[in-house]
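Descriptive structure summary
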Amino acid sequence: MFQIEREELKRLDERVFEYNGRFASFYIGATAFYGDSLDPSPECIRLLSKDNDELRKALTGIRRRGLSEFDRLVYDHLRSNLSAQRAYLNFYFLDKKPSVDEFIAKLLGNFSMDSLAESYDDNIEARLLVLEGRRGMLPLRSSDERVQHAVRETVPELLKQMTAHYAKLGLFPGELVEELFRAMHIRYDPEEGGSSWWKESYTLELAIKEFNVYQIRGRSRVNPSTGLINSTHEILGHTVRDLISEEMPRTLTGDNKNFFNLCSMQTIEGYAFLLERFGEDYVRNQESKLSLEVDARGLRKRSPLNQDESARGVLRISSQRLVEIRYLVKLYLSLKGEEQSNINEARVWRRFTGVDFARYRALPNLGSVTLEKQRDLPHRLSYWAGIQKVRDTIDRVKASHEDKSFFETPLFNAILSTGTWSWEVFGDWLRYAVAHKTEFEEHYALAVAGSKKRLVQHAGKNR
Ligand SMILES: [Zn+2]
């Protein structure tokens, strides 16, 4: 039921999956995603375009009307996948250039830069940011040995407790908590990098600095709130989806090859973004346990995290997000050829936030817009466009359904987390899976069992 029936479509799904892998390598180089910039050769662009055209032609060769309901969803996903990549090649690398706004509309649907404001309650957050700037107590440097020790001593257990809590809320498959934490490799990044999840090696990469370690009267104290909130995004948003989507068609799995298909980012990141609020709730509700003291022998004592400290964790995330929005506006304007005008940026920014940022010393330096960063606009914009899109899609599907209570169940959450669907197909997928919820429940049980097996195997290899 949740597998491709038509043989031709199955083969095409495999081919698009391979193509996605090549496209991802190209995207990573062209945007200097991992730091190294590899400017693509004209030959590379030509081949990617040619293969994209061939795949789209092969797709139109399959009669959509003759397909099963699920196959039609996959068909639409493949179409969206290929046409988003084609639009990207056209816009950045070929002569057939649409305007910036046409390009964004093609890639993200009805998204305007103005809706960034709706995605984010800027006024409040901006004020909080200023408040944060007034706070003292500087954390120790990430490279400090005491910091490394404190983080390694506390973080794995904290993450496990938090994940078990999410399992109770029906947001994480409870059967997988133990296995995940046995199999998962937690890597601590002392540099500037943020949190990320790597499916192939079950690695959760965390930024040490987000676990704020302070030194008070010779003792190391950890305020993990920022790190925990960011880990919520990874664990609930990405880990769950990757674990339970393995049995889906190839282009719908969480494989890294699909990561830059450009059509699924809104769904995946938008949903992960929405789930961060559970991390904020968790941190606020755990104030009594979350301030930790560590000495050379390990974790010594838990003392209440005062309200200031938990607020600071949430604030730090808000300020990171705020910088990101501001930078996106700058990228957007630079693509429109208006980057020279600082006044223009300030005006747009003020319109979004209602706050005159020039007045605050906390205003970060955004750095210059490079060609590589311009090319990464679709990915970075997806997060913000995605929040609204995912929320609207869920609301629409819910509105057209009799049984509203189903939308609050763990099973509906599993539906939301299954497959890496294009934003254009996501709503149809939800409708389809909700309409076949008994069959989905069976499928989901198998997916969880399969995942458990793979986690156990991986943990065995680690030993
Ligand atoms: Zn993410």
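**A look at the overall build of the protein**
Counting its regular elements, the protein contains 17 helices and seven strands. Here the protein holds 463 residues, and the buried ones make up 42% of them. Considering only intrachain contacts with a sequence separation of at least 6, the fraction spanning at least 24 residues in the protein is 76%.

**Observations regarding the sheet that holds strand S2 (residues 196-198)**
Ordered in space as S1-S3-S2, the three strands form an open sheet in which the pairing is mixed. The open sheet has two edge strands, strand S1 (185-189) and S2, and neither has a second partner. With direction set aside, neighbouring strand axes in the sheet form an average angle of 20°. Packing of helix H9 (residues 225-244) onto the sheet brings it into contact with S2 and strand S3 (203-207), and relative to S2 it is tilted by some 35°.

**A few points about the environment of Val369**
Within the fold, Val369 resides in the loop between helix H12 (342-353) and helix H13 (371-375). Accessibility expressed as a C-beta count within 10 Å gives 17 for Val369, which makes it partly exposed. The spatial distance from the C-alpha of Val369 to the C-alpha of Tyr327 is 8.8 Å, given a sequence separation of 42 residues.

**Focus on unusual backbone geometry**
The backbone of Ala32 sits at a positive phi, close to 50°, despite the residue not being glycine. We classify Ala32 as partly exposed; it has 17 C-beta atoms within 10 Å.

**Description of the pairing of strand S4 (residues 213-216)**
Relative to strand S5 (residues 219-222), S4 is paired through four bridges, and the arrangement is antiparallel. Considered in S5, the bridge of Tyr214 is made with Arg221.

**Describing the pairing of S3**
The alternating pattern of S3 places Leu204 and Leu206 on a buried face and Thr203, Glu205 and Ala207 on a face that is not buried. Examined bridge by bridge, S1 and S3 share five bridges and lie parallel to one another. Looking across to S3, one finds that Ile186 is bridged to Leu204. Bridge count for S2 against S3 is three bridges, and the pairing is antiparallel.

**Some words on the confidence of the model for the protein**
With 80% of its residues at a pLDDT of 70 or more, the protein has an overall mean of 84. Mean pLDDT across the elements of the protein bottoms out in helix H6 (residues 122-133) (43) and peaks in helix H16 (residues 423-435) (98). Here residues 119-136 is modelled with pLDDT under 50, and outside its nearest four sequence neighbours on either side it reaches 33 contacts, counting other chains as well.

**Examining the environment of Leu204**
Structurally, Leu204 can be placed in strand S3. Classification of Leu204 by C-beta neighbours within 10 Å gives buried; the count is 24. Distance from Leu204 to Met184, taken between C-alpha atoms, is 7.0 Å for residues 20 residues apart in sequence. Excluding residues within four positions of it along the chain, Leu204 makes contact with Met184, Ile186, Trp197 and Glu234.

**Describing the packing of helix H10 (residues 265-285) against helix H14 (residues 377-399)**
The contact between H10 and H14 brings their axes to 7 Å, and the two run at 70°. Here H10 is positioned roughly perpendicular relative to H14, judged by the angle of their axes. Contact with H10, carried on its side by Met265, Gln266, Thr267, Glu269, Gly270, Tyr271, Phe273 and Leu274, involves His379, Ser382, Tyr383, Ala385, Gly386, Ile387, Lys389, Val390 and Arg391 of H14 and no other residues of that element. For the contact of H10 with H14, a count of residues per class yields eight nonpolar, six polar and three charged.

Basis of the calculations
- Residues numbered from 1 in each chain as written.
- Predicted model: local features only at pLDDT ≥ 70, side-chain atom pairs only at ≥ 80, totals over all residues.
- Helix = DSSP H or I, 4+ residues; strand = E, 2+ residues; numbered from the N terminus.
- Buried ≥ 20, exposed ≤ 12 C-beta atoms within 10 Å, placed from the backbone.
- Contact = placed C-beta atoms within 7 Å.
- Pairing = 2+ DSSP bridges.
- Axes fitted to C-alpha atoms, helices over the stretch in contact; angles between N-to-C directions.
- pLDDT = per-residue confidence, 0-100.
- Parallel < 35°, antiparallel > 145°, perpendicular 65-115°, else oblique.
- Nonpolar A, V, L, I, M, F, W, Y, C, P; charged D, E, K, R; others polar.

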